[in-house]
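Each chain, written out:
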Amino acid sequence: MPVITNIDDLKRIHKRRTPKMFYDYAESGSWTEQTFRENTSDFDKIRLRQRIAVDMTNRTTASQMIGEDVSMPVALAPVGLTGMQSADGEIKAARAAEKFGVPFTLSTMSICSIEDVAARTEKPFWFQVYTLKDDEFMKRLFERAKKAGCSAIVITLDLQIMGQRHKDIKNGLSAPPKFTLASMADLATKWSWGLEMLGTPRRFFGNIVGHASGVKDASSLSSWTAEAFDQSLDWARVKQLIEMWDGKVILKGILDADDARKAVEVGADAIVVSNHGGRQLDGALSSIRVLPSIVAAVGDKIEVHMDSGIRSGQDVLKAIAMGAKGVMIGRAWVYGLGAMGQQGVTKALEVIHKELDMTMALCGKRDIKDVDRDILLVPEDFEGRWV
Ligand SMILES: Cc1cc2nc3c(=O)[nH]c(=O)nc-3n(C[C@H](O)[C@H](O)[C@H](O)COP(=O)(O)O)c2cc1C
């Protein structure tokens, strides 16, 4: 096994082992990728305050997210098509998460179905839904998630229309990959991925094919996706969906304090401050920049989580210190999965945990729940003066 010391190591192996179209699918943002880049570079602008001679024994990163105990406040974000990064990828990631004691979120656009993941894990996971026009399909999805024992629903609100990623169009992204000269030449160098993929029946969108009317195979799926997303979505519909689920609800994709206030009004349990990892509105501010204004607006009324740009335990600590109760990681776990399957996701979590724990100690804190803004040095103009 190669020596892995940071998330970048996993990213390099992921790139080497996984077909180009799936690596590119993960490692890109929309249009110019400005927001995608700034999600990470803005974290680097925040510095940490070193403290000394503070007892650092008996440290703990244990916390809670939506009332659930977590070994560190880091959930695996919903990521579509992860069963294409590694065969049965969603099952592998869910298992790694449950062993580590952190929540796993299954995407609607996963390859393994809700039932597949539930049958192969023991703890409840979170299920992410997109807002779709087809009410019957939504109801069935909710019923299936309830039956599978999902402990929360994550409703993603920043994807009524899909942002454009140039590489996906140029690569002809599809699941499973179509055989072209270019994809076959690429696959010839990724034989271990191909062998594993031949060994599983899970190669299509498991939550959709066979469940949504009119979708029998993957080739009709892309047109279904374009038609199915509800462009007329409004807050009344969000409220309806919250009532339909009748359980814990997390609203994902909030990037504005006014929208955060609306999320409180409709009765959500938590929000995720997120720009979808820079995959939707290019030119939007990074999540870490807007986090303080959202915490100031609603932090005492609703649990605030954040994602987009987290690549280390130091980033996790910065987000917590800025007022997030927890964070989600997307690409960081996908790199691990693409690099080494379940073991790679575990490795990603171990790396992040170690960095989080050590940084917390060097900042003079023993308990993640005591971490606050005081451990940070933030440039005065960090949030920016925008008119
Ligand atoms: C390859 C990829 C696929 C994604 N698919 C979904 C999805 O199906 N549903 C969803 O709500 N978010 C999806 N996201 C967004 C993630 O949930 C999360 O917001 C984002 O990855 C966080 O940014 P990070 O990757 O920089 O950590 C996806 C992100 C990536 C990178």
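Conventions adopted
- Residues numbered from 1 in each chain as written.
- Predicted model: local features only at pLDDT ≥ 70, side-chain atom pairs only at ≥ 80, totals over all residues.
- Helix = DSSP H or I, 4+ residues; strand = E, 2+ residues; numbered from the N terminus.
- Rg over C-alpha atoms; globule rule 2.2 N^0.38 Å.
- Buried ≥ 20, exposed ≤ 12 C-beta atoms within 10 Å, placed from the backbone.
- Contact = placed C-beta atoms within 7 Å.
- Axes fitted to C-alpha atoms, helices over the stretch in contact; angles between N-to-C directions.
- Parallel < 35°, antiparallel > 145°, perpendicular 65-115°, else oblique.
- Left-handed = near helix turned anticlockwise from the far one by under 90°.
- Nonpolar A, V, L, I, M, F, W, Y, C, P; charged D, E, K, R; others polar.
- UniProt positions renumbered as here; feature names shortened; annotations may be inferred.
- Near = placed C-beta within 6 Å.
- Arc of directions from axis to C-beta.
- Expected span 1.5 Å × (residues − 1).
- Bend = angle between axes of the 7 residues up to and from the residue.
- Pairing = 2+ DSSP bridges.
- Right-handed = clockwise from strand over helix to strand, strands pointing away.

Caption draft 1: Spotlight on the overall build of the chain. Scanning the chain from terminus to terminus reveals 16 helices and 12 strands. Its C-alpha radius of gyration of 20 Å places the chain within 12% of the 21 Å reference for a compact globule of 387 residues. Seen through its C-alpha atoms, the chain measures out along the principal axes to roughly 60 × 50 × 45 Å. When each of the 387 residues of the chain is scored for burial, the buried share is 48%. Relative to all contacts within the chain whose residues are 6 or more apart in sequence, the contacts with residues 24 or more apart total 72%.

Caption draft 2: Structural context of the packing of helix α13 (residues 257–265) against helix α14 (residues 287–298). Interhelical geometry of α13 versus α14 gives an angle of 40° and a closest axis separation of 9 Å. Between α13 and α14, the angle is such that the two are oblique. You can see that α13 and α14 cross each other, and the crossing is right-handed. The segment α13 lies against α14, with A257, A260, R261 and V264 engaging S293, I294, A297 and V298. Tallied by class, residues from the contact of α13 with α14 come to 6 nonpolar, 1 polar and 1 charged.

Caption draft 3: Region of interest: the UniProt feature "binding site: glyoxylate" (unreviewed entry) in the chain. Feature annotation in UniProt places "binding site: glyoxylate" (unreviewed entry) on Y25, R165, H276 and R279, given in this structure's numbering. Taking the farthest pair of C-alpha atoms as the criterion, the annotated set spanning 255 residues converges on one region, since that pair is 13.3 Å apart. When you line up the elements, R165 lands in the loop between β7 (152–156) and α8 (166–171). When near neighbours in sequence (up to four residues on either side) are disregarded, R165 contacts S28, G29, S30 and R279. On the secondary structure map, H276 appears in the loop between β9 (270–273) and α14.

Caption draft 4: Main features of unusual backbone geometry. With an omega of -5°, the peptide bond between A175 and P176 qualifies as cis. Even without glycine at this site, W31 takes up a positive phi of about 40°. In this structure, N58 is a non-glycine residue whose phi angle is positive, near 55°. Take N58: it is sitting in the loop between β1 (47–48) and β2 (63–65). On the basis of neighbour count, N58 is assigned to the exposed category, with 7 C-beta atoms found within 10 Å.

Caption draft 5: Expanded view of the site of the ligand. Residues in contact with the ligand amount to 24 residues; listed here are only the nearest, A77, G80, S107, G277 and G330. Within the residue set of the shell around the ligand, elements represented by two or more residues are α2 (20–26) and α16 (331–362).

Caption draft 6: Focus on the environment of V129. Relative to the assigned elements, V129 resides in strand β6 (residues 126–130). For V129 and H14, which are 115 residues apart along the polypeptide, the C-alpha to C-alpha distance reads 27 Å. In this view, V129 contacts T108, L141, I153 and I155; residues no more than four positions away in its chain are not counted.

Caption draft 7: Molecular detail of the packing of helix α1 (residues 7–17) against α16. For the pair α1 and α16, the least separation of the axes is 10 Å and the interaxial angle reads 165°. Here α1 lies roughly antiparallel to α16, going by the angle between them. Between α1 and α16 lies a crossing of right-handed hand. Residues I7, L10, K11, I13, H14 and R17 of α1 form the contact with α16, whose participating residues are A332, Y335, G336, G338, A339, M340, G344, K347, A348 and V351. Tallied by class, residues from the contact of α1 with α16 come to 9 nonpolar, 4 polar and 3 charged.

Caption draft 8: Summary view of α1. Of the positions making up α1, those classed as buried are I7, L10, K11, H14 and R17. Projected down its long axis, α1 carries its buried residues within an arc of 140°, all on one side. Residues of α1 that are exposed and point more than 90 degrees away from the buried face comprise D8 and R16. In this structure, the buried residues of α1 make contact with α2, α10 (191–198) and α16.

Caption draft 9: Summary view of α16. Its 32 residues place the ends of α16 only 27 Å apart at the C-alpha level, less than the 46 Å of an ideal helix rising 1.5 Å per residue. Its maximal kink placed at M340, α16 deviates by approximately 145°. Backbone geometry just after α16 places G364 at a positive phi near 85°.

Caption draft 10: Highlighting the pairing of β9. Here β9 shows two buried faces, one formed by A270 and V272 and the other by I271 and V273. With 4 bridges joining them, strand β8 (residues 249–254) and β9 adopt parallel strand pairing. By the bridge assignment for β9, I254 is matched with V273. After leaving β8, the chain enters α13 and then returns to the sheet as β9, a path that is right-handed. Handedness of the crossover joining β9 and strand β10 (residues 303–306) through α14: right-handed.

Caption draft 11: Looking closely at the sheet that holds β7. What the 8 strands build is an open sheet, ordered β4-β11-β10-β9-β8-β7-β6-β5; its pairing is parallel. Because the sheet does not close on itself, it has two edges, and the strands there are β4 (74–76) and β5 (105–106). Two strands pair when backbone bridges link them, and β4 and strand β11 (residues 326–329) are joined in this way by 3 bridges, in the parallel orientation. Its bridge partner lying in β11, A75 is registered against M328. On top of the sheet, α13 reaches β8 and β9; it is set at about 165° to β8, its chief contact. Packing against the sheet, α14 makes contact with β8, β9 and β10, and its axis sits at approximately 180° to β10.

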